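Given next are the chains, with one letter for each unit.
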Amino acid sequence: MNVLNHIGDFFGDSAHWQGYDGIPTRLAEHLGYTLMALGIAAAVGLPVGLLTGHTGRGGNTVALIATAGRALPSFGLMVLMFILFGLGMAPVMIPLVVLAIPPVLVTTYEAMRSVDPAPVDAARGMGMTETAVLLRVELPVALPLILSGLRSAAIQIVSTATIAAYVSFGGLGRYIVDGLYQRDYEKVVGGATLVAAMALTTLGLFWAVARLTVSRGVRSAGVG
């Protein structure tokens, strides 16, 4: 039986659409993990990236944090957190947040540093405060790249949040982990398909957000 047959059988089984192990429940759990981790990563990475990019200071520190975050294996970190904190949300969230902060932080910093200095200097010459320069001049131009960093972080979280199933949490990873344990490859393929579909949906959502939030002038200029 090929992969397409596995996919058809998985989604065609009504038992997979109801109950605590149903697709809607597992999707909601996976989405919850993703939004929580992305929200925390954005709350940390965006302000630091905006500030360091605006001032031009701390670039080496940003690069160091990004390198360290990318070097840490998510699954190994989750196991370590599980040993330290036991069963709970922390062992799941910490690896996901650590994974998501580098793309948000680095891309935001680079986006701010890539803004043309001429309008920034002109805004300062007009007497605008540094906060106004940041929010009204730099941020609109840097927004496409900032959104790309958030998009990358979101897709990485969606793909990696499957590890939550290894410490008895839910999400789409439950299908993959349970399917491997039960040798139910229909469930494994179905879970992997759902994760891929969620990642593609995330791409589409960020494309739509960019169309709605990035000004037409910035888009036409090809910034980001």
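Data block above holds the structure.
All figures in this text were calculated on a predicted structure; none of them were measured in a lab.

S.K.: An account of the overall build of the chain is requested, with residue identities and associated values reported.
M.R.: Tallying secondary structure elements over the chain gives ten helices and zero strands in all. Reading the chain from its N end, one meets helices and strands in the order α-α-α-α-α-α-α-α-α-α. Referenced to the eigenvectors of the C-alpha coordinate spread, the extents of the chain come out at roughly 65 × 40 × 25 Å. Burial status across the chain gives 44% buried among its 224 residues. Here the contacts in the chain between residues at least 6 apart in sequence split such that 75% fall between residues at least 24 apart.

S.K.: So, the environment of Met78: which residues are in play, and what are the values?
M.R.: Looking at the element boundaries, Met78 is found in helix α4 (residues 74–85). C-alpha separation for the pair Met78 and Met93, spaced 15 residues apart in sequence, amounts to 8.5 Å. Apart from residues no more than four positions distant in its own chain, Met78 is found in contact with Pro91, Pro95, Ile163, Tyr166 and Val167.

S.K.: Explain the side chain of Thr202 to me, using residue names and the numbers behind them.
M.R.: Its location among the elements puts Thr202 in helix α9 (residues 185–213). Among the residues examined, Thr202 registers a relative accessible area of 11% and is labelled buried. Not counting chain neighbours up to four residues away, the residues in contact with Thr202 comprise Ala154, Ile155 and Val158.

S.K.: Break down a nonpolar patch on the surface for me, citing the residues and quoting the values.
M.R.: A surface patch of nonpolar side chains, amounting to about 830 Å² of accessible area, comprises Phe75, Val79, Phe82, Ile83, Leu87, Tyr166, Leu180 and Tyr185. Considering each element in turn, the nonpolar patch owes the most residues, four residues, to α4. Within the secondary structure, Ile83 sits in helix α4. What makes Ile83 exposed here is its relative accessible area of 63%.

S.K.: I'd like a description of unusual backbone geometry, backed by residues and values.
M.R.: The residue Arg183 is not glycine, and still its phi comes out positive at about 55°. In this fold, Arg183 is placed in the loop between α8 (173–182) and α9. Note on Arg183: relative accessible area 68%, which makes it exposed.

S.K.: Explain the pattern of salt bridges residue by residue, including any values.
M.R.: Taken as a whole and assessed by the stated rule, the structure comprises four salt bridges. Close ionic contact of Glu29 with Arg26 constitutes a salt bridge, the shortest N to O distance being 2.9 Å. Here Glu29 and its partner Arg26 are both found in helix α2 (residues 23–55), three residues apart, which amounts to about one turn of the helix. Relative accessible area serves as the criterion here: at 25%, Glu29 is assigned to the partly exposed category. The class of Arg26 is buried, set by a relative accessible area of 7%. Among the salt bridges present, the one from Asp178 reaches Arg174, with a minimum N-O distance of 3.1 Å.

S.K.: Which residues make up the environment of Ser148, and what values do they have?
M.R.: Topologically, Ser148 is positioned in helix α7 (residues 130–160). Sequence separation of Ser148 and Trp207 is 59 residues, and the distance between their C-alpha atoms is 9.2 Å.

S.K.: Give me the packing of aromatic side chains: which residues, what numbers.
M.R.: Tallied over the full model, the rule gives four aromatic pairs. Measuring from ring centre to ring centre gives 5.3 Å for Phe10 and Tyr175, while their planes differ by 85°; the resulting arrangement is edge-to-face. With Phe10 in helix α1 (residues 3–12) and Tyr175 in helix α8, the pair connects residues that are 165 residues apart, well separated along the chain. Assessed through its relative accessible area of 0%, Tyr175 is described here as buried. Here Phe11 and Trp17 contribute two aromatic rings whose centre-to-centre distance is 6.3 Å and whose plane-to-plane angle is 45°, an arrangement assigned as tilted. Through successive ring pairs, a cluster of aromatic residues spans Phe10, Phe11, Trp17 and Tyr175.

S.K.: Requested: an account of the packing of helix α6 (residues 117–125) against α7, with residues and values cited.
M.R.: One way to put it is that α6 packs onto α7 with a least axis distance of 10 Å and a crossing angle of 140°. Compared by their axis directions, α6 and α7 come out oblique. When you trace α6 past α7, the crossing you get is right-handed. Each of Pro119, Val120, Ala123 and Arg124 in α6 lies in contact with α7, whose residues at this interface are Glu130, Val133, Val137 and Glu138. Grouping the amino acids of the contact of α6 with α7 by side-chain chemistry returns five nonpolar, no polar and three charged.

Basis of the calculations
- Residues numbered from 1 in each chain as written.
- Predicted model: local features only at pLDDT ≥ 70, side-chain atom pairs only at ≥ 80, totals over all residues.
- Heavy atoms only, no water.
- Helix = DSSP H or I, 4+ residues; strand = E, 2+ residues; numbered from the N terminus.
- Buried < 20%, exposed > 50% of the residue type's maximum accessible area, 1.4 Å probe, protein only.
- Contact = heavy atoms within 4.5 Å.
- Patch = residues over 30% accessible without salt bridge, like charges linked within 9 Å, V, L, I, M, F, W, Y side chains within 5 Å.
- Areas by Shrake-Rupley, 256 points an atom, 1.4 Å probe, with all protein chains shown as cover.
- Salt bridge = Lys/Arg side-chain N within 4 Å of Asp/Glu carboxyl O.
- Phe/Tyr/Trp six-rings, centres within 6.5 Å; stacked < 30°, edge-to-face > 60°.
- Axes fitted to C-alpha atoms, helices over the stretch in contact; angles between N-to-C directions.
- Parallel < 35°, antiparallel > 145°, perpendicular 65-115°, else oblique.
- Left-handed = near helix turned anticlockwise from the far one by under 90°.
- Nonpolar A, V, L, I, M, F, W, Y, C, P; charged D, E, K, R; others polar.

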